Amino acid sequence: MFPKTITKEEIVNYPIIKYPGKTLVADTPGGISQALDYLKDDTLLGFDTESKPVFRKGQKTDVALIQLAGKDMVCLIRINKTGFPDELADFLNREEVTKVGAGLGDDFLRLYAMGVELNRYLFIDLGEYLRDYDFEKTGLRNLSAMILKKRVTKREQTSNWEADKLSSTQIVYAATDAWICREIYLKLAIRSKQK
């Protein structure tokens, strides 16, 4: 059974986990087509977004990056450079693909403010899903520790996601966030089958 809560002190005792596989950064329309082609046969995708941080209350920035984690690759789509093409919206609105993320409310608000319409009901928010099972503190860092016994570092979260070129640490951070959502969901699915 998974613990329903965890302390910061307990989390720091777990080893840090980082995405170990292949990553594709797509920052052109052709790159997006290539990324979606890589992921087209996946039926489960980890999903996340990143935005340039703001340090004034009430300010918001557009989504700069969409992260999609498949079985064999994570694709990072730099929509601050490419815009949000219909091809990407159609891909994310496919009913036959499960998309799973954490804390998706803000992601969808930012995307909607940009004129992007995704079917929210085709996405699973781990935090909302696990709150129904009395999990407390359902942020990604806590869920990773409680379910996978691994620690996700959030050091790059407030870095500049609109930078001309993403750093290697940004790429690993962004890939890990989407991939870890997929891994948590798979672990939960395995556990529920064992009951």
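Preceding this section is the structure that the text describes.
Scope of this entry: the structure provided in the associated data block. Just so you know, these numbers come straight off a predicted model, no measurement behind them. (Residues numbered from 1 in each chain as written. Predicted model: local features only at pLDDT ≥ 70, side-chain atom pairs only at ≥ 80, totals over all residues. Heavy atoms only, no water.)

1. Describing the overall build of the protein chain
At step 1: Summing up its helical and strand segments, the protein chain has eight helices and six strands in all.
At step 2: Ordering the α and β elements of the protein chain from the N terminus gives α-β-α-β-β-β-α-α-β-α-β-α-α-α.
At step 3: Against the compact-globule benchmark of 16 Å for 195 residues, the protein chain has a radius of gyration of 16 Å, which places it among compact chains.
At step 4: Oriented by its inertia axes, the alpha-carbon framework of the protein chain measures out at about 45 × 40 × 30 Å.
At step 5: The proportion of buried residues among the 195 residues of the protein chain is 47%. (Helix = DSSP H or I, 4+ residues; strand = E, 2+ residues; numbered from the N terminus. Rg over C-alpha atoms; globule rule 2.2 N^0.38 Å. Buried < 20%, exposed > 50% of the residue type's maximum accessible area, 1.4 Å probe, protein only.)

2. Quick notes on the side chain of Thr 61
At step 1: When you line up the elements, Thr 61 lands in the loop between β2 (44-51) and β3 (63-69).
At step 2: Here Lys 52 takes part through its backbone oxygen, which lies 2.5 Å from a polar atom of the side chain of Thr 61.
At step 3: Excluding residues that lie within four positions of it along the chain, Thr 61 makes contacts with Ser 51, Lys 52, Val 54 and Arg 110. (Polar contact = N/O pair within 3.5 Å; in protein donor to acceptor, adjacent residues only side chain to side chain. Contact = heavy atoms within 4.5 Å.)

3. Digging into the packing of aromatic side chains
The geometry of an aromatic ring pair is captured by the separation of the ring centres together with the interplanar angle, meaning the angle of the planes.
At step 1: In this structure the tally under the stated criterion is five aromatic pairs.
At step 2: When the centroid spacing of 6.4 Å and the interplanar angle of 35° are considered together, the rings of Phe 47 and Phe 108 count as tilted. Pair noted here: Phe 47 is in strand β2 and Phe 108 is in helix α5 (residues 104-113), with a separation of 61 residues, a long-range link. Across the pair, Phe 108 and Phe 47 agree in class, each one buried.
At step 3: Arranged with centres 5.0 Å apart and planes meeting at 80°, the rings of Phe 108 and Phe 123 form a pair that is edge-to-face. In this pair, Phe 108 is assigned in helix α5 and Phe 123 in strand β6 (residues 123-125), connecting sequence segments 15 residues apart. (Phe/Tyr/Trp six-rings, centres within 6.5 Å; stacked < 30°, edge-to-face > 60°.)

4. Re the nonpolar core
At step 1: Ranked by size, the top nonpolar core spans 34 residues in total, and within it Leu 143, Ile 147, Ile 180 and Ile 184 carry the most contacts.
At step 2: For this core, the elements supplying multiple residues, two or more each, are β3, β4 (73-77), α6 (126-131), α7 (140-148) and α8 (168-194).
At step 3: At nine residues, α8 tops the list of elements feeding residues into this core.
At step 4: Discounting residues that sit within four places of it in the chain, Ile 180 has contacts with Ile 17, Leu 140, Ser 144, Leu 148 and Val 152.
At step 5: Core analysis: the next-biggest nonpolar cluster, separate from the first, contains 28 residues, Ile 66, Phe 108, Leu 122 and Phe 123 among them. (Core = buried A, V, L, I, M, F, W, Y, C linked by side-chain atoms within 4.5 Å.)

5. A closer look at the pattern of salt bridges
At step 1: On inspection of all chains with the given rule, the structure shows seven salt bridges.
At step 2: With a shortest N-O distance of 2.9 Å, Arg 110 and Asp 106 are connected by a salt bridge. Of this pair, Arg 110 and Asp 106 both sit in helix α5, four residues apart, which is roughly one turn of that helix.
At step 3: A residue is classified by how much of its surface remains accessible, and Asp 106, at 31% relative accessible area, is partly exposed. (Salt bridge = Lys/Arg side-chain N within 4 Å of Asp/Glu carboxyl O.)

6. Some thoughts on unusual backbone geometry
At step 1: For Lys 137, which is not glycine, the phi torsion reads 45° and is therefore positive.
At step 2: Within the secondary structure layout, Lys 137 lies in the loop between α6 and α7.
At step 3: In this structure, Lys 149 takes a positive phi of about 60° despite not being glycine.
At step 4: The partly exposed category is assigned to Lys 149, whose relative accessible area is 36%.

7. Some thoughts on α7
At step 1: Counting buried positions along α7 yields eight of nine residues, so the element is predominantly enclosed.
At step 2: Residues Leu 140, Asn 142, Leu 143, Ser 144, Ala 145, Met 146, Ile 147 and Leu 148 constitute the buried set of α7.
At step 3: Looking at the residues trailing α7, positive phi occurs at Lys 149, about 60°.

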